[in-house]
Amino acid sequence: MKSKEYLKLAIPFTISTITQPLLGAVDTAVIGRLEDPAYIGGVAVGTVIFSTLYWLFGFLRVSTSGYSAQALGTKDEKDSLFALFRPGIIALIVSAIFLMLQVTIISTAMKLIHPDAAVARQASTYFYILIWGAPFVLLNYVNLGWLMGRKKIKASMFLQIFTNILNIVLDILFVIYFKMGVAGVAYATLIAQATAFAIGFYLVSMNLNLLSVKNYLTQLFDKTAFKKIMGVNTDLMIRTVCLLVVTNMFVAKGAALGTEMLAANAVLFQIHYMIAYFFDGFANASSVFVGTAVGEKNVKLYSEVLKISTKMTFILAVVMSLGIFFFREGIIHIFTVIESVIDLSLAYSLWLVIYPFAVGIGLVYYGLFTGATYTAPVRDSMLLSLAAFLMAYFGIVPLWGNHGLWFSYILFSLGRSIFLAFYITNFKKKVFAFKGEQAICV
């Protein structure tokens, strides 16, 4: 496998993936045109709540992509159907729980984050509208993961880019022209989420005979298979819990430092998300190629993917860091016109220059492990990184304030890379067993 073949998949995935943080970026940029920082803070807090909910179950996309890629390697229709329907069942159950517990969720979030009254009002408005998008979001995770695992590049790109552009257009229409404020941002996102599910379902149905699942109903609900899926997904959920603990502690501490600091950190975090999603596009490509290698029992393909992934991660980190360093002032101005928020954002922006080098390997290698559905190292590396963050958070933030907060986050990101890189040395031994020259997946 050549770098050109890898990039042929990675670049479209990156283009489609980067539209996801653009939603939050556009939400922040549009609301940032309104003069009250409470609007930015309200969207920031609301976004954190939904990130907490959806990231926790982000494994629905990640694991579906891994299983779908492995089914592509085995070329078995039954495996392809199970890769779609089993996580789909989980998505329906989880979304129903979200809807039933919505009052409890928002009240708990407000107690944990402690925003001021104005921010809390805006965040509540945002939440009670957008919670009804939960079934669409989780089911679309499954649709998108399945399409990506099958290397349906054009379909994946169309699904994400079209619905995200729709969200952006509706954001501008509802907030700027209809003067709907935070509610306009929420309704725009809800409509886009419903549209994404409808398009995703259609695209999947064009590539898979969904009705043929009736031939495998007994096997579909096999307890052993669901136990295996949940084992993989539990590891990924623990990884996400670590991320959410860090993110929520970060936002809560920013809120404690004042509304303007919360708004400035929200702007920088949107830029950080965009950086992370660039790497995520490469991780998705690595995941698909490794999943296919596992399905085909092709050790050589895995080794080639590892080599190319490492090289591309370093190149991307250099490009991203230089871009942030030279253009950070212009980028920040895109998000807000409030001078005090701009000044604060610039004061802490150099931390984002370091971020790509700290997190790159951790994000891209994550794709290698999830593609093979070998997820215990992902879980363990995140727990170790969380421990590093907590030590810095309690030891350094009281001394350095918001700089200490960003230092703690960069340390956490670096830990993700270092600890996961340690596990890569045993990847082949754990995922592939050897009998002579033949590799057998375990």
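This text goes with the structure placed above it.
The structure displayed is predicted, hence computed values, not measured ones.

(A) Examining the overall build of the chain more closely. Counting its regular elements, the chain contains 18 helices and two strands. Its C-alpha atoms give the chain a radius of gyration of 21 Å, near enough to 22 Å, the size a compact globule of 442 residues would have. For the chain, the spread of C-alpha atoms along the three principal axes comes to 65 × 40 × 35 Å. A buried classification covers 58% of the 442 residues belonging to the chain. With the model as given, the accessible surface of the chain reaches about 18200 Å², and the carbon-plus-sulfur share is 69%. Both charge centroids of the chain, one from 32 positive and one from 20 negative side chains, sit 11 Å from each other.

(B) Region of interest: helix H2 (residues 37-56). With 20 residues, H2 should cover 28 Å at 1.5 Å per step; its first-to-last C-alpha distance of 28 Å lies within 8% of that length. Summarising burial for H2: 16 of the 20 residues are buried, a large majority.

(C) Summary view of a positive patch on the surface. Taken together, the side chains of Lys-2, Lys-300, Lys-307 and Lys-311 make up a positively charged region of the molecular surface. Mapped onto the elements, Lys-307 comes out in helix H13 (residues 299-335).

(D) Representation of the packing of helix H12 (residues 259-296) against helix H17 (residues 402-423) in the model. H17 packs onto H12 with a crossing angle of 25 degrees between their chain directions and a minimal axis gap of 12 Å. By the angle class used here, H12 and H17 are roughly parallel. Viewed along their axes, H12 and H17 form a crossing whose handedness is right-handed. Of the residues in H17, those in contact with Met-261, Asn-265, Leu-268, Phe-269 and His-272 of H12 are Asn-402, Leu-405, Trp-406 and Tyr-409. Of the residues in the contact of H12 with H17, the class split is six nonpolar, three polar and no charged.

(E) Focus on the packing of helix H3 (residues 59-74) against H12. Following both chains from N to C, one finds H3 and H12 inclined at 40 degrees, their axes separated by 7 Å at the closest point. In terms of orientation, H3 and H12 fall into the oblique class. Between H3 and H12 lies a crossing whose hand is right-handed. Residue-level inspection shows Arg-61, Ser-65, Ala-69, Gln-70, Leu-72, Gly-73 and Thr-74 of H3 in contact with H12, the latter providing Asp-280, Asn-284, Ser-287, Val-288, Gly-291, Thr-292, Val-294, Gly-295 and Glu-296. Of the residues belonging to the contact of H3 with H12, the class tally is four nonpolar, nine polar and three charged.

(F) The arrangement of the packing of aromatic side chains in detail. Taken as a whole and assessed by the stated rule, the structure comprises 32 aromatic pairs. Centre to centre, the rings of Phe-250 and Tyr-409 are 5.8 Å apart; their planes meet at 70 degrees, and the pair counts as edge-to-face. Residue Phe-250 is located in helix H11 (residues 223-256), and its partner Tyr-409 is located in helix H17; the two are separated by 159 residues in the primary sequence. Each member of the pair Phe-250 and Tyr-409 is classed as buried. Residues Phe-325 and Phe-326 carry aromatic rings whose centres are separated by 5.0 Å and whose planes lie at 85 degrees to one another, so their mutual orientation is edge-to-face. Residue Phe-325 is classed as partly exposed on the basis of its relative accessible area of 39%.

(G) Structural detail: the environment of Met-230. With respect to the secondary-structure elements, Met-230 resides in helix H11. You can call Met-230 partly exposed: its relative accessible area is 30%. The spacing of Met-230 and Ser-63 is 167 residues in sequence and 9.8 Å in space, taken between C-alpha atoms.

(H) Seen up close, helix H14 (residues 339-347). All of the buried residues in H14 are Val-341, Ile-342 and Ser-345. Buried residues of H14, seen end-on, are gathered within an arc of 100 degrees and therefore sit on one face of the element. Against H12 and H13 lie the buried residues of H14.

(I) Seen up close, a nonpolar patch on the surface. A cluster of nonpolar side chains, Ile-172, Leu-173, Ile-176, Tyr-177, Phe-178, Met-180 and Tyr-187, forms an exposed patch at the surface whose accessible area comes to about 640 Å². The greatest single-element share of the nonpolar patch, amounting to four residues, is contributed by helix H8 (residues 153-177). By the secondary structure assignment, Leu-173 is in helix H8. Judged by its relative accessible area of 31%, Leu-173 is partly exposed.

(J) View of the pattern of salt bridges. One pass over the full model with this rule turns up two salt bridges. When the shortest N-O distance is used, the salt bridge between Arg-379 and Asp-235 registers 2.8 Å. Placement of the pair is Arg-379 in helix H16 (residues 376-400) and Asp-235 in helix H11, with a sequence separation of 144 residues. Across the salt bridge formed by Asp-380 and Arg-379, the nearest N and O atoms sit 2.9 Å from each other. Its relative accessible area of 24% is what places Asp-380 among the partly exposed residues. Judged by its relative accessible area of 23%, Arg-379 falls in the partly exposed class. Where salt bridges share partners, they join Asp-235, Arg-379 and Asp-380 into one cluster.

Calculation criteria
Residues numbered from 1 in each chain as written. Predicted model: local features only at pLDDT ≥ 70, side-chain atom pairs only at ≥ 80, totals over all residues. Heavy atoms only, no water. Helix = DSSP H or I, 4+ residues; strand = E, 2+ residues; numbered from the N terminus. Rg over C-alpha atoms; globule rule 2.2 N^0.38 Å. Buried < 20%, exposed > 50% of the residue type's maximum accessible area, 1.4 Å probe, protein only. Areas by Shrake-Rupley, 256 points an atom, 1.4 Å probe, with all protein chains shown as cover. Lys, Arg positive; Asp, Glu negative; His and termini not counted. Charge placed at Lys NZ, Arg CZ, Asp CG, Glu CD. Expected span 1.5 Å × (residues − 1). Patch = residues over 30% accessible without salt bridge, like charges linked within 9 Å, V, L, I, M, F, W, Y side chains within 5 Å. Salt bridge = Lys/Arg side-chain N within 4 Å of Asp/Glu carboxyl O. Axes fitted to C-alpha atoms, helices over the stretch in contact; angles between N-to-C directions. Parallel < 35°, antiparallel > 145°, perpendicular 65-115°, else oblique. Left-handed = near helix turned anticlockwise from the far one by under 90°. Contact = heavy atoms within 4.5 Å. Nonpolar A, V, L, I, M, F, W, Y, C, P; charged D, E, K, R; others polar. Phe/Tyr/Trp six-rings, centres within 6.5 Å; stacked < 30°, edge-to-face > 60°. Arc of directions from axis to C-beta.

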